[in-house]
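Notes for the structure review
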Amino acid sequence: MGTLRDLQFALQLKIEELRQRDSLIDELELELDTKDDLIRQLQTELDRHRNASQHTGSTENTVPDEPQRTKRQAISAEPTALDPAQLTHVTLTNYSKSEESRELIHRALLENEFMKHLEQGQIQTIVDCMHPTRLARGCCVIQEGDDGSLVYVLEEGKVEVTKGEQKLCTIDPGKVFGELAILYNCTRTATVTALTDIKLWAIDRQGFQTIMMRTGLIKHSQYMEFLRSVPSFQLLPEDVLSKVADVLEETHYSEGDYIIRQGATGDTFFIISEGQVKVTQQKSSNEEPEFLTTLSRGDWFGEQALKG
Ligand SMILES: Nc1ncnc2c1ncn2[C@@H]1O[C@@H]2COP(=O)(O)O[C@H]2[C@H]1O
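It should be emphasised that the depicted structure is a prediction, and the values quoted were computed from it without experimental measurement. (Residues numbered from 1 in each chain as written. Predicted model: local features only at pLDDT ≥ 70, side-chain atom pairs only at ≥ 80, totals over all residues.)

**Some details on the overall build of the protein chain**
- The secondary structure content of the protein chain amounts to eight helices and twelve strands.
- Looking at the protein chain as a whole, 16% of its 308 residues are labelled buried.
- Residue pairs at least 24 apart in sequence account for 71% of intrachain contacts in the protein chain once pairs closer than 6 positions are excluded. (Helix = DSSP H or I, 4+ residues; strand = E, 2+ residues; numbered from the N terminus. Buried ≥ 20, exposed ≤ 12 C-beta atoms within 10 Å, placed from the backbone. Contact = placed C-beta atoms within 7 Å.)

In structure tokens form, the structure reads like this:
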């Protein structure tokens, strides 16, 4: 959820930037319109003088009308990407790949410090959507300071990472690079150059962010739906429910697992989504634990953790 919020924040910044650019373009459009009017007036004046001097009515030397400038199409600054309903309609393209390539990309994502915390489903979708690309030795794959648009996994060859004049490292197959600019919405932090002919897998920013947000937002609406179905939470206002949904994390336990041990410090509040939980209490160390109750879907426990 942290990632989702980061992305939402970054998106808001971009939207604000677009709005500012839009208003600058509007001002410039207005200025251009005024200049267009002036040119049209001068053109008419010129035509009038020509007609007066030639008396023949010939159009030979008539300057054709300037084509009308096409008005800029307004950029929608609506945060549509935050609407789960619309996000589900973004088409993500799958690229076929061998089992070895799938394995390599999968492992590369799991080994990457910034990507390894993604959910299993997100990682699978990224694997599906990565497309192949090849570059020759000496090519600049990424230029420091550029706006980044692709995240790569190296499958064959070797690349070198440099910052300014300084060589940072070389990267071998099975590694992710180019993730920072996309994850943190910043410019490229280093230059990456192909030391040999290379084969890469790549995913673009839009695809990557769609996968991140779609999963997060779908999860969020599923959690909201779940919370609304829990009688104890039904009276909570939407914004409070939404905050609870933000911090919910799904955890799975097998039959017989202990979730909370009596006497342990509690730091987690649980709501049962599926299955049943047995609550027992041991009155003294030489007594058997006493059965208190069985809890099921919608019941909650561990509320002491919320009180700190
Ligand atoms: N110190 C470093 N060591 C290894 N890789 C780096 C280092 N600094 C930057 N990179 C990689 O080089 C990439 C350049 O583009 P990004 O900033 O998008 O992502 C960067 C990382 O993947």
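Let's pick the thread back up.
**Re the sheet that holds strand β7 (residues 191-194)**
- What the four strands build is an open sheet, ordered β2-β7-β4-β5; its pairing is antiparallel. Sheet topology places β2 (140-142) and β5 (166-171) at the edges, where each strand pairs with a single neighbour. Each neighbouring strand pair of the sheet contributes to a mean axis angle of 30°, computed without reference to strand direction. (Pairing = 2+ DSSP bridges. Axes fitted to C-alpha atoms, helices over the stretch in contact; angles between N-to-C directions.)

**Description of the environment of Asp299**
- Take Asp299: it is sitting in the loop between β11 (290-295) and β12 (300-301).
- Its 17 C-beta neighbours within 10 Å are what place Asp299 among the partly exposed residues.
- Taking the C-alpha atoms as reference, Asp299 lies 5.7 Å from Ile272; in sequence the two are 27 residues apart.

**A short note on unusual backbone geometry**
- Non-glycine residue Asn185 carries a positive phi angle of around 50°.
- Positionally, Asn185 belongs in the loop between α5 (180-183) and β7.

**Here we look at the UniProt feature "binding site: 3',5'-cyclic AMP 2" (unreviewed entry) in the protein chain**
- When the UniProt feature table is mapped to this numbering, "binding site: 3',5'-cyclic AMP 2" (unreviewed entry) covers Glu303.
- Along the chain, the position of Glu303 falls in the loop between β12 and α8 (304-307).
- By C-beta crowding, Glu303 is classed as exposed, having 11 other C-beta atoms within 10 Å. (UniProt positions renumbered as here; feature names shortened; annotations may be inferred.)

**Some remarks on the sheet that holds strand β6 (residues 175-177)**
- If you walk across this open sheet you meet the four strands as β1-β8-β3-β6, and the pairing is antiparallel. Every interior strand has two partners, whereas the edge strands, β1 (131-135) and β6, have only one. Averaged over all pairs of adjacent strands, the angle between their axes in this sheet comes to 35°, without regard to strand direction.
- Along the sheet, helix α3 (residues 99-111) makes contact with β3 (150-156), β6 and β8 (198-204), crossing β3 at roughly 125°.

**Looking at the site of the ligand**
- Around the ligand lies a shell of 14 residues, among which Phe177, Leu180, Ala181, Thr189 and Ala190 are the nearest.
- For the shell around the ligand, the secondary-structure elements that each account for two or more residues are β5 and α5.
- Tallied by class, residues from the shell around the ligand come to nine nonpolar, three polar and two charged. (Near = placed C-beta within 6 Å. Nonpolar A, V, L, I, M, F, W, Y, C, P; charged D, E, K, R; others polar.)

**Thoughts on α3**
- The end-to-end C-alpha distance of α3 is 18 Å, a good match for the 18 Å that 13 residues give at a rise of 1.5 Å each.
- All buried positions along α3 are accounted for by Leu104, Ile105, Ala108 and Leu109. One face of α3 carries all of its buried residues, which in axial projection span an arc of 130°. Among the exposed residues of α3, those pointing more than 90 degrees away from its buried face are Glu99, Glu100 and Glu111. (Expected span 1.5 Å × (residues − 1). Arc of directions from axis to C-beta.)

**As for the nonpolar core**
- Of all hydrophobic cores here, the largest spans 34 residues; its most connected members are Ile105, Tyr152, Val153, Leu154 and Val176.
- Once residues lying within four places of it in the same chain are set aside, the contact partners of Ile105 are Val127, Met130, Val153 and Trp201. (Core = buried A, V, L, I, M, F, W, Y, C linked by C-beta atoms within 7 Å.)

**Focus: the pairing of β8**
- Direction of pairing for β1 relative to β8: antiparallel, over a ladder of five bridges. Paired with His131 across the bridge in β8 is Ala202.
- Examined bridge by bridge, β3 and β8 share six bridges and lie antiparallel to one another. Bridging across to β8, Glu156 finds its partner in Lys199.

**Structural notes on the confidence of the model for the protein chain**
- Per-residue pLDDT for the protein chain has a mean of 82; in total, 78% of the residues score no lower than 70.
- This stretch, residues 54-82, has a pLDDT under 50; its non-local contacts, to residues over four places away or in other chains, come to 22 contacts.
- The ipTM assigned to the predicted complex is 0.98, against a pTM of 0.55. (pLDDT = per-residue confidence, 0-100.)

**A short note on the packing of helix α6 (residues 205-229) against helix α7 (residues 238-247)**
- The geometry of α6 relative to α7 is characterised by a closest axis approach of 9 Å and an angle of 120° between their N-to-C directions. Between α6 and α7, the angle falls in the class oblique. For the element pair α6 and α7, the recorded crossing hand is right-handed. From α6, His220, Tyr223, Met224, Leu227 and Arg228 reach across to α7, where they touch Leu241, Ser242, Val244 and Ala245.
- Across the contact of α6 with α7, the residue classes break down as six nonpolar, two polar and one charged. (Parallel < 35°, antiparallel > 145°, perpendicular 65-115°, else oblique. Left-handed = near helix turned anticlockwise from the far one by under 90°.)

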